[in-house]
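# Coordinates in review
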Amino acid sequence: MPDARRRRRGAKSFLTETVSRVRHAGATGKLTVRADSAFYSRRVLHTAVKLDVRFSVTARQDKRIRAALEGIDEAAWTAIPYWLSSPEVSGADVAEIGFTAFTGKDAVPLRLIVRRTRPTPGSRLALFTTWSYHAFFTNRKRADARAGSRPPPARDHRAVHRRAQERRPGAPASGHFMANAARLALAVMAHNLGRAIATLAGPDLNSATAASLRRRVFNLPGRLVRTGRRRHLRLPESWPWADAITTALTAINAIPLRC
């Protein structure tokens, strides 16, 4: 909880400085900020609107939000692919409603996009509820989606959240912008290097998660040996992803050196 309060206090200045630095670095296109519920505040959303930044911010499920979720008509839900789904029963759905965040002069009309999933059978959550809800606010423009698919903002929000969870550095450990920036930069570099390896490895690992890459590539057992005054890396020939790793290493060795 202290970390969440600290993030809320510094969220407005953090957003302002981040956007300023990105613009100063040469970015001229539309910017989109994705944040968790700790950044859901009127100051953050008003700052994003003022800076002309699109946002996707997880909503804290207070009484107003819960009432809005419970009021969504059953016909408004659209089924999306999910591992608990069956031909007879949907395991996950998505819906969208209009919602005015905050009140009075601070009111901000937004889109509230909600994803609901069935709890895992046998879990404690399944004893108390039929659905688990995840809602977020966005000011991104409405886009048409294919029938039976989740709206692009919902898909993007979920994808970014999943990728962030893979390599997230954790909550900011310092109240200083530069200390948190350095920590975040290292996490971003690690994430980008992992995605680069996955891309170079070909279709077998192209969509692998960070955990899968660690298990299949980075934690690969091997030996560094010397032969003829040269070092050689010996890897197991029977490794299931040996071809993908060889493909990635070949592509990396083909990158021209820059002096």
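Residues numbered from 1 in each chain as written. Predicted model: local features only at pLDDT ≥ 70, side-chain atom pairs only at ≥ 80, totals over all residues. Heavy atoms only, no water.

What follows is about the environment of isoleucine 72. Mapping isoleucine 72 onto the fold places it in the loop between helix 3 (63-70) and strand 3 (78-79). For isoleucine 72, a relative accessible area of 11% gives the class buried. Distance from isoleucine 72 to alanine 95, taken between C-alpha atoms, is 8.0 Å for residues 23 residues apart in sequence. In contact with isoleucine 72, other than residues within four places in its own chain, are Trp77, Ala95, Ile97 and Val114. (Helix = DSSP H or I, 4+ residues; strand = E, 2+ residues; numbered from the N terminus. Buried < 20%, exposed > 50% of the residue type's maximum accessible area, 1.4 Å probe, protein only. Contact = heavy atoms within 4.5 Å.)

Evaluation of the coordinates by the stated rule reveals six salt bridges. One salt bridge connects aspartate 52 with lysine 30, and the closest N-O pair in it is separated by 3.1 Å. One end of the pair, aspartate 52, is in the loop between helix 2 (42-50) and strand 2 (54-58); the other, lysine 30, is in the loop between helix 1 (2-24) and strand 1 (32-35), with 22 residues separating them in the sequence. Residue aspartate 52 is classed as partly exposed on the basis of its relative accessible area of 47%. Between glutamate 96 and arginine 111 there is a salt bridge, and its shortest N-O distance comes to 2.8 Å. (Salt bridge = Lys/Arg side-chain N within 4 Å of Asp/Glu carboxyl O.)

A large share of strand 2 lies buried, amounting to four of its five residues. Note that strand 1 and strand 2 share four bridges and pair parallel. From the neighbouring strand, valine 33 faces strand 2, where its bridge partner is phenylalanine 55. With three bridges connecting them, strand 2 and strand 6 (residues 132-138) associate as antiparallel partners. By the bridge assignment, valine 57 is partnered in strand 6 with phenylalanine 137. (Pairing = 2+ DSSP bridges.)

The residue phenylalanine 102 is not glycine, and still its phi comes out positive at about 65 degrees. The residue phenylalanine 102 is located in the loop between strand 4 (92-101) and strand 5 (108-117) in this model. Even without a glycine there, the phi angle at arginine 229 is positive, about 60 degrees.

Turning our eyes to something else, we now look at the confidence of the model for the protein. Here the protein shows a mean pLDDT of 81. Residues at 70 or above account for 83%. Contacts of residues 144-150 to residues separated by more than four positions or lying in other chains number 15 contacts, the stretch itself having pLDDT below 50. (pLDDT = per-residue confidence, 0-100.)

Before going further, it helps to spend a moment on the nonpolar core. Among the nonpolar cores identified, the biggest contains 30 residues, and Tyr40, Leu45, Leu69, Leu110, Leu112, Val114 and Phe137 are the most heavily contacted of them. Those elements that place two or more of their residues in this core are helix 1, helix 2, strand 2, helix 3, strand 4, strand 5 and strand 6. At four residues, strand 5 tops the list of elements feeding residues into this core. Once residues within four sequence positions are removed from consideration, leucine 112 is found in contact with Ala59, Ala68, Leu69, Ala95, Glu96, Ile97, Phe99, Ala135, Phe136 and Phe137. In this structure, Ala201, Leu205, Leu213 and Val217 belong to the second largest nonpolar core, which totals 11 residues. (Core = buried A, V, L, I, M, F, W, Y, C linked by side-chain atoms within 4.5 Å.)

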